[in-house]
Amino acid sequence: MDELWDVTDGSGTPTGLTFQRGAPDWPKGMFHVVAGTCAFRPDGTVLLTQRAASKDFPLAWEFPAGSALAGESSREAAVRELAEEAGLVVDTEDLALVGRFVDSAALFDVYVVRASGLEQLKLDPAEVSDYQWVSVAEVERRFRSGMMSGPWTVGLSALWDPFVQALGQDL
């Protein structure tokens, strides 16, 4: 894969270096930005996607996410990944940042965005095998029971309260 990432410091500031995905020797103490988005509908349900069987964390549930490409902002990456993986098209200004967590060498930004509920999803079969619109309580059940991919288990553990608050849910 010819995907290039900006190498950042611990605060997410690009260092001017890029790194090719999958190449050996990631720079010690450096990071790259990953962005993920939880789309939610007016009825309070949120979109979960199931990872393709061929990917890391096969068949685990998650929110659409991926690494920011070189020169791309976190918000731009979140919008691109949501469109690529699920076919949902949103604007960067519609995203609300929940927070950031650190996962290995990644700074992982989590966003929420309102979906109208009328969207037709178009899944990328190389990335996603299935999807479900579920309650926030079901998201919590899945991440606490290990049904979600590893990064999302880490992230939701760290950001659960701000995540629920960003969705406007009172559980």
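Given the structure is predicted, the values throughout are model-derived calculations rather than measurements. (Residues numbered from 1 in each chain as written. Predicted model: local features only at pLDDT ≥ 70, side-chain atom pairs only at ≥ 80, totals over all residues. Heavy atoms only, no water.)

Peer 1: I would appreciate a short explanation of the overall build of the chain in the present structure.
Peer 2: Scanning the chain from terminus to terminus reveals 3 helices and 9 strands. Across the chain, helices and strands are ordered from the amino to the carboxyl terminus as β-β-β-β-β-β-α-β-β-β-α-α. Relative to the compact-globule value of 16 Å for 171 residues, the chain shows a C-alpha radius of gyration of 15 Å, a close match. Projecting the C-alpha coordinates of the chain onto the three principal axes gives extents of approximately 45 × 30 × 30 Å. Relative to its 171 residues, the chain shows a buried fraction of 48%. If you take every contact in the chain between residues at least 6 apart in sequence, the share linking residues at least 24 apart comes to 60%. Per element, the accessible surface of the chain, about 8400 Å² overall, is 51% carbon and sulfur. Taking the average place of the 13 positive charges on the side chains of the chain and the average place of its 26 negative ones, the gap between the two points comes to 4 Å. (Helix = DSSP H or I, 4+ residues; strand = E, 2+ residues; numbered from the N terminus. Rg over C-alpha atoms; globule rule 2.2 N^0.38 Å. Buried < 20%, exposed > 50% of the residue type's maximum accessible area, 1.4 Å probe, protein only. Contact = heavy atoms within 4.5 Å. Areas by Shrake-Rupley, 256 points an atom, 1.4 Å probe, with all protein chains shown as cover. Lys, Arg positive; Asp, Glu negative; His and termini not counted. Charge placed at Lys NZ, Arg CZ, Asp CG, Glu CD.)

Peer 1: Would you mind going over the pattern of salt bridges with me for this structure?
Peer 2: Pairing between side chains of opposite charge can happen when the charged atoms of each approach one another. Summed over the entire model, instances satisfying the criterion amount to 11 salt bridges. Ionic pairing is found between Arg-21 and Glu-3, a salt bridge with its closest N-O pair at 3.4 Å. With Arg-21 in the loop between strand E2 (14–20) and strand E3 (32–40) and Glu-3 in the segment before strand E1 (4–8), this residue pair connects regions lying 18 residues apart in the sequence. Residue class for Arg-21 comes out partly exposed when judged on its relative accessible area of 38%. The salt bridge partner of Arg-41 is Asp-43, with a shortest N-O separation of 3.5 Å. On the accessibility criterion, Arg-41 (19% relative accessible area) is buried. (Salt bridge = Lys/Arg side-chain N within 4 Å of Asp/Glu carboxyl O.)

Peer 1: I tried to follow unusual backbone geometry on my own but got confused; where do I start?
Peer 2: For residues that are not glycine, phi is negative in most cases, and the peptide bond is trans in most cases. Unusually for a residue other than glycine, Asp-25 sits at a positive phi of about 65°. Among the secondary structure elements, Asp-25 is positioned in the loop between E2 and E3. Residue class for Asp-25 comes out exposed when judged on its relative accessible area of 70%.

Peer 1: Would you explain helix H2 (residues 136–144) in this entry?
Peer 2: Side chains of residues three or four places apart in an α-helix project in the same direction, reflecting 3.6 residues per turn. Those residues of H2 that fall on the buried side of the exposure criterion are Val-136, Glu-138, Val-139, Arg-142 and Phe-143. One face of H2 carries all of its buried residues, which in axial projection span an arc of 155°. Phi turns positive one or two residues past the end of H2, at Gly-146, with a value near 85°. (Arc of directions from axis to C-beta.)

Peer 1: In this structure, what is going on with the environment of Leu-59? I would like to understand it.
Peer 2: As for its position among the elements, Leu-59 is in the loop between strand E4 (46–51) and strand E5 (61–62). Taking relative accessible area as the criterion, Leu-59 reaches 41% and is therefore assigned partly exposed. Between the alpha carbons of Leu-59 and Val-110 there is a distance of 21 Å; along the sequence they are 51 residues apart. Here Leu-59 is in contact with Gln-50, Arg-51, Ala-52, Ala-53 and Ser-129, once residues within four sequence places are set aside.

Peer 1: Even after reading the chapter, I still don't get the nonpolar core, so can you show me in this structure?
Peer 2: Taken as a class, soluble globular proteins show a tendency for nonpolar side chains to be buried jointly. Residues Val-46, Phe-63, Val-139, Met-148, Leu-156 and Phe-163 are the most contacted members of the largest nonpolar core, which totals 26 residues. For this core, the elements supplying multiple residues, two or more each, are E3, E4, strand E7 (96–103), strand E8 (106–114), H2 and helix H3 (150–167). The leading source of residues in this core is H3, at 7 residues. With sequence-adjacent residues up to four places away left out, Val-139 is seen in contact with Val-46, Leu-48, Phe-63, Val-134, Met-148, Leu-156 and Trp-160. Grouped together as the second largest cluster of nonpolar side chains are 18 residues, Val-79, Ala-86, Leu-88 and Trp-133 included. (Core = buried A, V, L, I, M, F, W, Y, C linked by side-chain atoms within 4.5 Å.)

Peer 1: When you look at the packing of aromatic side chains in this model, what are you seeing that I'm missing?
Peer 2: Geometry of an aromatic ring pair is reported as the spacing of the ring centres plus the angle between the planes. Counting across every chain of the model gives 8 aromatic pairs. Where Phe-63 meets Trp-152, the ring centres are 5.0 Å apart and the plane angle is 85°; that geometry is what we call edge-to-face. One end of the pair, Phe-63, is in the loop between E5 and strand E6 (65–67); the other, Trp-152, is in helix H3, and 89 residues separate them in sequence. Residues Phe-101 and Phe-108 carry aromatic rings whose centres are separated by 4.7 Å and whose planes lie at 15° to one another, so their mutual orientation is stacked. Overall, the relative accessible area of 4% leaves Phe-101 in the buried class. (Phe/Tyr/Trp six-rings, centres within 6.5 Å; stacked < 30°, edge-to-face > 60°.)

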